[in-house]
Amino acid sequence: MTTSLEAAEPLPPEYEIALSYTPSSVRDAARSYLSLDRRLAQIVAQTNEPMLGQMRLAWWRDVFETPIAERPRGDLVLEAIGQQWAGHEQPLIAMVDAWEEMLAEPPLPREAALHFAKGRAAGFLALAQMVLPELDVVKFMHAGYAWALTDAAAHIPDGEERDMLLSSARSFSPLPRYPKPMRGVAILDALARRAIAKGGRPLMEGRGAALTAFKTGLLG
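Because the structure is predicted, anything quoted here is derived from the model rather than measured.

Caption draft 1: Quick look at the environment of Leu191. The residue Leu191 is located in helix H11 (residues 183-197) in this model. It is 9.4 Å that separates the C-alpha atoms of Leu191 and Asp151, two residues lying 40 residues apart in sequence. Once residues lying within four places of it in the same chain are set aside, the contact partners of Leu191 are Glu14, Leu203, Met204, Ala209, Thr212 and Ala213.

Shown next, in the form of structure tokens:
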């Protein structure tokens, strides 16, 4: 399933690098989670009528609340999630709710932005707890929040909302060092910090992005 999903749902380079440093025990689950994130982001980006976008997002939410045996067939992302996230759908629902926040009329309130960050990064926490139950949850989640906000800001034109997203991302401090099983998230965090320093540019923009990613993957 992973190979088919990888071929059918290509992910951005920063995700692929992060996945390469993710423990094999949760790598498939991480890929399906990030693939879902891309699907939901595309729904929001392609929506001109908020109500239509809400309906499309609601379909995903309803599916995750439906027993696996009764879910539609033929969608690779949905089938991968059914295999890897069975019984752990709440973080996926949180991600759907998070992306729904982005359908609101701009500028997005800071409170809604923080809700978006928390929901979008909820899957990272779930994956981390599968590998490291003793992990400091609050500090770890700050990395996910910074990535969620900075990546979103990179796809928004300059303006009040973009500035607010970047300001919110800056408010979360990175961990001084990440445990080895969490190097994938550390990479996304490091790329987000680099993007913030460059005014909210895309995470993999510029020659130094790949170096930042691989250095973080090696050193944490």
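Caption draft 2: The arrangement of unusual backbone geometry in detail. For the bond running from Pro106 to Pro107, omega is 0°, close enough to zero to count as cis. Mapped onto the secondary structure, Pro107 falls in the loop between helix H6 (90-101) and helix H7 (110-120).

Caption draft 3: Structural view of the packing of aromatic side chains. All chains considered together, the criterion is met by 8 aromatic pairs. Judged by centre distance (5.9 Å) and plane angle (45°), the rings of Trp60 and Phe64 are tilted. Of this pair, Trp60 and Phe64 are both found in helix H4 (residues 50-64), 4 residues apart, which corresponds to roughly one turn of the helix. The pair formed by Trp60 and Phe64 is uniform in burial state, with each residue classed as buried. Seen from their ring centres, Tyr145 and Phe172 are 5.1 Å apart, and the 70° between their planes marks the pair as edge-to-face. With a gap of 27 residues between them, Tyr145 in helix H9 (residues 137-153) and Phe172 in the loop between helix H10 (160-170) and H11 connect regions that are remote in the sequence. For Tyr145, a relative accessible area of 14% gives the class buried. Judged by its relative accessible area of 12%, Phe172 falls in the buried class. These aromatic residues form a ring-pair network of at least three members: Tyr15, Tyr33, Trp85, Phe124 and Trp147. The lysine or arginine in question, Arg120, covers the ring of Trp147, its NZ or CZ lying 4.2 Å from the ring centre.

Caption draft 4: Spatial organisation of the nonpolar core. Residues Leu36, Leu40, Trp60, Phe64 and Leu165 are the most contacted members of the largest nonpolar core, which totals 72 residues. In contact with Trp60, other than residues within four places in its own chain, are Leu36, Arg39, Leu40, Ile43, Asp75, Val77, Leu78 and Val96.

Caption draft 5: Expanded view of the side chain of Glu9. By the secondary structure assignment, Glu9 is in the loop between helix H1 (2-8) and helix H2 (13-20). Judged by its relative accessible area of 19%, Glu9 is buried.

Caption draft 6: Up close: H4. Helix length check: H4, at 15 residues, gives a terminal C-alpha distance of 21 Å against a target of 21 Å (1.5 Å per residue), a fit within 8%. Listed as buried for H4 are Gly53, Leu57, Trp60, Arg61, Val63 and Phe64. Each buried residue of H4 sits inside an arc of 170° when the element is viewed along its axis, so together they form one side. Across H4 from its buried face, at more than 90 degrees, point the exposed residues Met51, Leu52 and Met55. Against helix H3 (24-45), helix H5 (76-84) and H6 lie the buried residues of H4.

Caption draft 7: How the structure looks around the side chain of Asp189. Structurally, Asp189 is set in helix H11. Its relative accessible area of 2% is what places Asp189 among the buried residues. Of the polar contacts made by the side chain of Asp189, one reaches the side chain of Arg193; its length is 2.8 Å.

Caption draft 8: The packing of H6 against H7, seen in detail. Contact geometry of H6 with H7 gives a least axis separation of 7 Å together with a crossing angle of 150°. As judged from the angle between their axes, H6 and H7 are roughly antiparallel. In the crossing of H6 with H7, the sense of the turn from one axis to the other is left-handed. Contacts from Pro91, Ala94, Met95, Asp97, Ala98, Trp99 and Glu101 in H6 reach Ala112, His115, Phe116, Gly119 and Arg120 in H7.

Caption draft 9: Local environment of a nonpolar patch on the surface. A grouping of Met51, Leu52 and Met55 is seen on the molecular surface, where their side chains present a nonpolar patch of about 360 Å² in accessible area. With respect to the element layout, Met51 can be found in helix H4.

How each quantity is defined
Residues numbered from 1 in each chain as written. Predicted model: local features only at pLDDT ≥ 70, side-chain atom pairs only at ≥ 80, totals over all residues. Heavy atoms only, no water. Helix = DSSP H or I, 4+ residues; strand = E, 2+ residues; numbered from the N terminus. Contact = heavy atoms within 4.5 Å. Phe/Tyr/Trp six-rings, centres within 6.5 Å; stacked < 30°, edge-to-face > 60°. Buried < 20%, exposed > 50% of the residue type's maximum accessible area, 1.4 Å probe, protein only. Lys NZ or Arg CZ within 6 Å of the ring centre and 35° of its normal. Core = buried A, V, L, I, M, F, W, Y, C linked by side-chain atoms within 4.5 Å. Expected span 1.5 Å × (residues − 1). Arc of directions from axis to C-beta. Polar contact = N/O pair within 3.5 Å; in protein donor to acceptor, adjacent residues only side chain to side chain. Axes fitted to C-alpha atoms, helices over the stretch in contact; angles between N-to-C directions. Parallel < 35°, antiparallel > 145°, perpendicular 65-115°, else oblique. Left-handed = near helix turned anticlockwise from the far one by under 90°. Patch = residues over 30% accessible without salt bridge, like charges linked within 9 Å, V, L, I, M, F, W, Y side chains within 5 Å. Areas by Shrake-Rupley, 256 points an atom, 1.4 Å probe, with all protein chains shown as cover. Salt bridge = Lys/Arg side-chain N within 4 Å of Asp/Glu carboxyl O.

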